[in-house]
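Residues per chain are reported as follows:
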Amino acid sequence: MKTEFMDLSRFDLTQENIALQLDRTQEGGVQKGYVPAYHFYIIDRKTGKNAGRCDLRLGHNERLYYGGNIGYTVFPDFRGDHFAQKACRALFKLAKAHEMDYVIITCDPDNIASRKTLEGLNGELLGVYPLPDWHDMYKAGHLHTCIFKFKI
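Residues numbered from 1 in each chain as written. Predicted model: local features only at pLDDT ≥ 70, side-chain atom pairs only at ≥ 80, totals over all residues. Heavy atoms only, no water.

## Observations concerning the nonpolar core
Part 1 of the argument: Counting 34 residues, the largest nonpolar core has L20, F40 and I42 as its most contacted members.
Part 2 of the argument: Elements with a minimum of two residues in this core: strand 2 (18-26), strand 3 (37-44), strand 4 (50-57), strand 5 (70-74), helix 2 (83-97), strand 6 (102-107) and strand 8 (144-151).
Part 3 of the argument: Broken down by element, the residue count for this core peaks at nine residues, all from helix 2. (Core = buried A, V, L, I, M, F, W, Y, C linked by side-chain atoms within 4.5 Å. Buried < 20%, exposed > 50% of the residue type's maximum accessible area, 1.4 Å probe, protein only. Helix = DSSP H or I, 4+ residues; strand = E, 2+ residues; numbered from the N terminus.)

Quick look at the structure:
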């Protein structure tokens, strides 16, 4: 797997009516189990407005098993048009370029919209698991997570 950041000018990070615009890259932190990550704005191609954010975390470890390789949020005014699914599909292309065979995406079991997003991407639900007490999500008050695996 390639963990060095790539020149994104050669990638098509669009998907129908959205485009991903790089916000920043972030180096990993070995002590906390953090991996390198790309952070993007989700741009509505019709209006040119920022519709949300997403990120791709490179690699696999126990922290990412519970937290996922991909994170996303879509702002309220842009919900209902599958922007999160489209952003994930664009990120799948980048993950593949990094020689990742699969990605993990997780969501809170009570987040019905996010579960529908992941189900719509045809991921394999590995299960709903309790979060370990050392994980940042547990410390933020989340007790369980749905874990989906996507082969790419």
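So much for the structure itself; the text now carries on.
## Regarding the sheet that holds strand 8
Part 1 of the argument: The strand order across the open sheet built from three strands is 6-8-7, with neighbouring strands paired in antiparallel fashion. Whereas interior strands pair on both sides, the edge strands pair on one side only; in this sheet they are strand 6 and strand 7 (124-130). Mean inter-strand twist for the sheet, computed between neighbouring axes without regard to direction, equals 25°.
Part 2 of the argument: With six bridges joining them, strand 7 and strand 8 adopt antiparallel strand pairing. (Pairing = 2+ DSSP bridges. Axes fitted to C-alpha atoms, helices over the stretch in contact; angles between N-to-C directions.)

## Quick word on the environment of R24
Part 1 of the argument: Of note, R24 is situated in strand 2.
Part 2 of the argument: Between the C-alpha atom of R24 and that of D101, which follows or precedes it by 77 residues, the distance is 24 Å.
Part 3 of the argument: Not counting residues within four places of it along the chain, the set of residues in contact with R24 comprises A37, Y38 and H39.
Part 4 of the argument: A distance of 3.1 Å separates the side chain of R24 from the side chain of Q26, its partner in a polar contact. (Contact = heavy atoms within 4.5 Å. Polar contact = N/O pair within 3.5 Å; in protein donor to acceptor, adjacent residues only side chain to side chain.)

## A few points about unusual backbone geometry
Part 1 of the argument: Not every positive phi belongs to a glycine, and H82 is a case in point at roughly 60°.
Part 2 of the argument: Even without being glycine, E99 reaches a positive phi, approximately 65°.
Part 3 of the argument: One can find E99 in the loop between helix 2 and strand 6.

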